[in-house]
Amino acid sequence: MEKKEPLFRITKRGAIPWWASLGIRLIGLLIALILCAFIIFGITKLNPLKVYAAMWDGALGTNRRMWVTIRDTMMMLCIGLGLAPAFKMKFWNIGAEGQVLVGGIAAAACMLYLPKTMPNWLALVIMFCASALAGAIWGFFPGFCKAMINTNETLFTLMMNYIAIRLTAYFVAKWENPYGSNTVGIINSQSRFGWFPKVFDQQYGLNVILVLVLTIFIYVYLKYTKHGFEIAVVGDSENTARYCAMDVKKVIIRTMMLSGAICGIAGFLAVAGAGHTISTDTAGGRGFTTIIVAWMSKFNSFIMAAVSAFLVFLEKGAMQIASQYQLSDYISNVVKGIILIFLLGSEFFVNFTVKIRGSRKSEVTK
Amino acid sequence: MKKFLSLFLVLAVLMMAFAAVSADDFKVGVILVHDENSGYDQAHIEGVLGAAERLGLSADQIIFKYNIPESEECTDSAVDLAEQGCQLIISDSYGHQAYMMEAAREYPDVHFIAATGDTAWKEGLDNVSNMFPHTFESRFVSGVVAGMKLKELMDAGTVTDPHIGYVGAYPYAEVVSGYTGFFLGIRSIVPEAYMDVQYTNSWYDPNAEAAAAEALIARGCVIIGQHADSTGAPSAIQAAQDKGTTVYSVGYNIDMRAVAPTAALTSAQNCWVELYTPMIEMAMKGEDMPTDYSVGYAHDGVQISELGESCAEGTAEAVEAAIAAIKDGSLQVFDTSTFTMGGEPVTSWFALDTDGDWVPDSEEAISDGYFHESEVISAPYFSIRIDGITELTNE
């Protein structure tokens, strides 16, 4: 009986060297840029190279733009660092948005209620702890229920987001300034109490230091500590973990609290280090965007920094082309979307190889 | 003689060139909360571009930033515009205001206008302004349109209960001032009318606005006004009318006839171009900018959209008379003899809150028999809950 070989065959590839996987991704990026160039020219009749130059200009063109890009990168990276431990444990924490918000509420509450006579550094330390604690509590509930009664963590963490959003709306209404405006306004705009001080004469210097310390911490924690090993084992097989006499429940709850705490710290960054206010948009959907970051970088802290920077770069670039060429946001989002799809698509080619019929001697026996 | 003439011509050309250079250098930055797809932002875009055209500025002297949220991104954008060389930076949303002030502190040589804002007077900065048209006047006139329709329906016996509805965004002065103006316009035609206000707690939420309109229709409202930015309410009202309910819509910002061809009577509109033109001109000339700028019908700062096909007979004449009376000052929208609070006439009300407790405590707003709206500061501060209007509380 004759068996026909399909035109394309997809086979899983073994490990490929890092330069090859990087090359595949770069080719993906290049193809995306070429495709976008045609779309940009087709729709807007603008020179695509100029449009790309404008994107670069928008993200890095001036000192100030560069620092804004860095600030937003740090914010995204911080959330990504929060997601990494949970994701590595195969605990799908979709609740970063909510964990960021409760962290933000805690920071804002400190800015409003701590005695203003306190030194600013002490206030910042208290705010840091309060935000981390709030995030940890938000992470505890889904972690606890997963560990004890095996609830679905994806739904649980997702639902916790909506509770956090409503809670934020409540506090916004409570603290609103001016009355009835439904915004909190900039907190302590005169005294700058609870604001990040300038470090090295940079408004966002502290954001960078804080997140870089966290990056190294998470990298070491996941790679070289006993906790990190336990997370990896629980993630791969709970039975193996149990067989090794690991306390799986403890690992799940502990990791989820850590995950929530770091996302809570991201809320602290958003409130004390960037916006100086709280609103339901404080997390701004970054809790969801960051899932892509954590996933694309395979939970490696340093790659995560690069991916975050790239996503923020795309976002700022998209804003600039919208402003410079009077294009609606849609076209810049199309560009952003195409680049992302191609990058995610290159993951496929990193992991699989496509064989075309006849490219090798047929192994099918007649 | 020839030499003289050519010298004169050369000089004239040179002078024109000089004048043109200084105008060429002038750049305006505009921060928008959404883009041209939102009626509110479109009105601002048209206002700025219209003013630029009148003042001879070319399109590339105006830099727009679209979809800027009410967050630190607004400060970032304002600073970025200042770095791009804009001498005047405008934001269009109320929530941008605090972030504009941050940028204003950083760039004292650049002028910042937070349109619809209300805190410029107390910031202690001389490079910030607020501006707001006399929307309460166009609200009143749109109320006259609604009143004429209500009277027609009652005269015909179709309606016996003069129940009005209003979809409001948030319970604060801008909205209160607007719905009171609208209500007093109706009452100038049908004195026994009364009104319910349903809040949506959002400036733009088509579903919530539609739901609020449906709730008001269910309560028996026959004309529904709105202070929220979407077409949600007029669409819902048109749907109800198509099912046979007697109900009409008075919109805001955009002409609602596209979504509610037979239900829409008119919309109250702001003519931002009339505010942007003088403000941009003052900034171009380097003149001192007023901290607050507000104009109404007298300077064409507000208007109502073309009357819908369902409007009652004689509406155009009534509208014309009301506008003429507002222009010559013989009609004051907030004439204290036309409303009461708790059954008593209101004789004193403050415009500003100076100590931060949200209770106005400074600047008497009532004198000469009327409430002086948008005169102390440009943003509305009429926050009296007058008799005849009920604010429905949610849940």
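Bear in mind the structure is a predicted one, so any value in this text is a computation, not a measurement. (Residues numbered from 1 in each chain as written. Chains lettered and ligands numbered in written order. Predicted model: local features only at pLDDT ≥ 70, side-chain atom pairs only at ≥ 80, totals over all residues.)

**Q** Teacher, can you tell me more about the overall build of chain B here?
**A** What chain B contains, in helices and strands, is 10 helices and 17 strands. For 395 residues, the compact-globule formula gives about 21 Å, and the C-alpha radius of gyration of chain B, at 23 Å, lands near that figure. Looking at chain B as a whole, 54% of its 395 residues qualify as buried. Of the contacts made within chain B by residues no fewer than 6 positions apart, 69% connect residues no fewer than 24 positions apart. (Helix = DSSP H or I, 4+ residues; strand = E, 2+ residues; numbered from the N terminus. Rg over C-alpha atoms; globule rule 2.2 N^0.38 Å. Buried ≥ 20, exposed ≤ 12 C-beta atoms within 10 Å, placed from the backbone. Contact = placed C-beta atoms within 7 Å.)

**Q** Which parts of the structure should I look at to understand the overall build of chain A?
**A** Within chain A one finds 13 helices and 2 strands. Counting only C-alpha atoms, chain A reaches 85 × 65 × 40 Å along its principal axes. Taken across its 366 residues, chain A has 42% of its residues classed as buried. Partitioning the intrachain contacts of chain A with sequence separation of at least 6 by distance along the chain shows that 78% fall at a separation of at least 24.

**Q** Would you take a moment to explain unusual backbone geometry for this structure?
**A** Residue and element names in this part refer to chain A. Positive phi values are uncommon outside glycine, yet Lys90 reaches one of about 60°. As for its position among the elements, Lys90 is in the loop between α3 (63-88) and α4 (96-113). Look at Asn150: it is not a glycine, yet its phi comes out positive at around 55°.

**Q** Explain the sheet that holds strand β9 (residues 248-252) of chain B here, please?
**A** Working definition: the strands of a sheet are paired by backbone hydrogen bonds and lie parallel or antiparallel to each other. Residues and elements named next belong to chain B. One open sheet holds the 7 strands; their spatial order is β12-β10-β9-β8-β6-β7-β17, and the pairing between them is mixed. Two strands lie at the open edges of the sheet, namely β12 (302-304) and β17 (389-392), each paired on one side alone. With strand direction ignored, the average angle separating the axes of adjacent strands in the sheet is 20°. Strand direction decides the pairing type here: strand β6 (residues 163-168) and strand β8 (residues 223-227), joined by 5 bridges, are parallel. (Pairing = 2+ DSSP bridges. Axes fitted to C-alpha atoms, helices over the stretch in contact; angles between N-to-C directions.)

**Q** Teacher, can you tell me more about the interface of chain B and chain A here?
**A** Interface size is often expressed as the accessible area that is lost when the parts come together. Each side of the interface is counted separately: chain B has 23 residues, and chain A has 21 residues. Every element with two or more residues in the side of chain B that touches chain A is listed here: β2 (62-65), α3 (72-83) and α4 (97-106) of chain B. Its residues assigned to classes, the side of chain B that touches chain A comprises 11 nonpolar, 4 polar and 8 charged. (Nonpolar A, V, L, I, M, F, W, Y, C, P; charged D, E, K, R; others polar.)

**Q** Teacher, can you tell me more about helix α2 (residues 48-60) of chain A here?
**A** Because each turn of an α-helix spans 3.6 residues, side chains separated by three or four positions in sequence point in the same direction. Residue and element names in this part refer to chain A. In a regular helix each residue adds 1.5 Å, so 13 residues correspond to 18 Å; α2 covers 18 Å between its end C-alpha atoms and thus fits that length. Listed in full, the buried residues belonging to α2 are Val51, Ala54, Met55, Gly58 and Ala59. Buried residues along α2 cover an arc of 125° about the axis, so they all sit on one side. The inward-facing, buried residues of α2 abut α1 (18-44), α3 and α12 (301-324). (Expected span 1.5 Å × (residues − 1). Arc of directions from axis to C-beta.)

**Q** Whenever I open this one, the domain arrangement of chain B confuses me. Can you help?
**A** All names here are of chain B. Domain parsing of chain B yields domain 1 (24-131) and domain 2 (135-270 + 302-392). A C-alpha centroid distance of 29 Å is found between domain 1 and domain 2. Taken together, the contacts link 10 residues of domain 1 with 8 residues of domain 2. For the side of domain 1 that touches domain 2, the elements supplying multiple residues, two or more each, are α2 (39-54) and β5 (128-131). In terms of residue count, the dominant contributor to the side of domain 1 that touches domain 2 is α2 (3 residues). Split into classes, the residues belonging to the side of domain 1 that touches domain 2 amount to 4 nonpolar, 5 polar and 1 charged. (Domains from an automatic or database assignment.)

**Q** For this particular structure, what's the right way to read α3 of chain B?
**A** Residues and elements named next belong to chain B. Across its 12 residues, α3 extends 16 Å between first and last C-alpha, which sits within 8% of the 16 Å expected from 1.5 Å per residue. Within α3, 11 of the 12 residues are buried, which leaves the element mostly enclosed by the surrounding structure. Taken together, the buried positions of α3 are occupied by Glu72, Glu73, Cys74, Thr75, Asp76, Ser77, Ala78, Val79, Asp80, Leu81 and Ala82. Following α3 by one or two positions, Gly85 has its phi on the positive side, about 95°.

**Q** Help me understand the environment of Tyr179 of chain B in this model?
**A** All names here are of chain B. Take Tyr179: it is sitting in helix α6 (residues 173-187). Separated by 21 residues in the primary sequence, Tyr179 and Thr158 place their C-alpha atoms 25 Å from one another. If we skip the residues at most four places from it in the chain, Tyr179 touches Tyr166, Gly168, Val197, Gly225, His227 and Ile389.

**Q** Please explain the environment of Thr245 of chain B as it appears in this structure.
**A** Secondary-structure assignment places Thr245 of chain B in the loop between α8 (232-242) and β9. Spatially, the C-alpha atom of Thr245 of chain B lies 8.5 Å from that of Ile217 of chain B, the residues being 28 residues apart in sequence.

**Q** Could you clarify how one ought to interpret the nonpolar core in this entry?
**A** Grouped together as the largest cluster of nonpolar side chains are 219 residues, with contacts concentrated most on Cys78 and Leu269 of chain A together with Ala78 of chain B. Considering every element that reaches this core, the biggest residue donor is helix α10 (residues 248-275) of chain A, with 17 residues. Three or more residues apiece are contributed to this core by two domains, here domain 1 (24-131) and domain 2 (135-270 + 302-392) of chain B. Residues contacting Cys78 of chain A, with those up to four places away along its chain left out, are Val211, Leu214, Ile262, Ile265, Ala266 and Leu269 of chain A. (Core = buried A, V, L, I, M, F, W, Y, C linked by C-beta atoms within 7 Å.)

**Q** Explanation requested: the confidence of the model for chain B in the structure shown.
**A** All names here are of chain B. Scored by pLDDT, chain B has a mean of 89; 93% of the residues are at 70 or more. Here helix α1 (residues 2-25) is the element of chain B with the lowest mean pLDDT, 57, and strand β3 (residues 88-91) is the one with the highest, 96. Taken together, the chains of this predicted complex give a pTM of 0.81 and an interface ipTM of 0.76. (pLDDT = per-residue confidence, 0-100.)

**Q** Explain the sheet that holds strand β1 (residues 28-31) of chain B here, please?
**A** All names here are of chain B. Here we have 6 strands laid out as an open sheet, ordered β2-β1-β3-β4-β5-β11, and parallel in their pairing. Edge positions in the sheet fall to β2 and β11 (292-293), since each of these pairs with one other strand and no more. As judged from the 2 bridges shared by β5 and β11, these two strands associate in the parallel manner. Within the sheet, the bridge partner assigned to Asn130 lies in β11 and is Asp292.

**Q** Whenever I open this one, the packing of α2 of chain A against α3 of chain A confuses me. Can you help?
**A** What describes two packed helices is the angle between their axes and the distance between those same axes. Residues and elements named next belong to chain A. Look at α2 against α3: their axes get within 6 Å of each other, and the N-to-C directions meet at 80°. Relative to α3, α2 is oriented roughly perpendicular. Between α2 and α3, the residues in contact are Gly58, Ala59 and Leu60 and Arg65, Met66 and Thr69, respectively. (Parallel < 35°, antiparallel > 145°, perpendicular 65-115°, else oblique.)

**Q** What is the right way to read the pairing of strand β2 (residues 352-356) of chain A from this model?
**A** On any regular strand, side chains alternate: one points to one face of the sheet, the next to the other face. Residues and elements named next belong to chain A. Within β2, only 0 of the 5 residues are buried, leaving the element largely exposed. The sheet contact formed by strand β1 (residues 8-12) and β2 spans 5 bridges and is antiparallel. Each residue of the ladder has a partner; that of Ile10, found in β2, is Val354.

**Q** Hey, could you run me through the pairing of strand β4 (residues 111-115) of chain B in this one?
**A** Residues and elements named next belong to chain B. Most of β4 is tucked away: 5 of the 5 residues are buried. Side-chain alternation along β4 places His111, Ile113 and Ala115 on one buried face and Phe112 and Ala114 on a second face that is also buried. Pairing between β3 and β4: 4 bridges, direction parallel. Across the sheet, Leu88 pairs through a bridge with His111, a residue of β4. The sheet contact formed by β4 and β5 spans 4 bridges and is parallel. Paired with Ile113 across the strands is Ser129, a residue of β5.

**Q** How do you make sense of the packing of helix α7 (residues 205-224) of chain A against helix α8 (residues 226-236) of chain A when you look at a structure like this?
**A** Residues and elements named next belong to chain A. Interhelical geometry of α7 versus α8 gives an angle of 65° and a closest axis separation of 5 Å. Between α7 and α8, the interaxial angle falls into the category roughly perpendicular. On the side of α7, the interface is formed by Tyr221, Leu222, Lys223 and Tyr224, while α8 contributes His227, Gly228 and Ile231.

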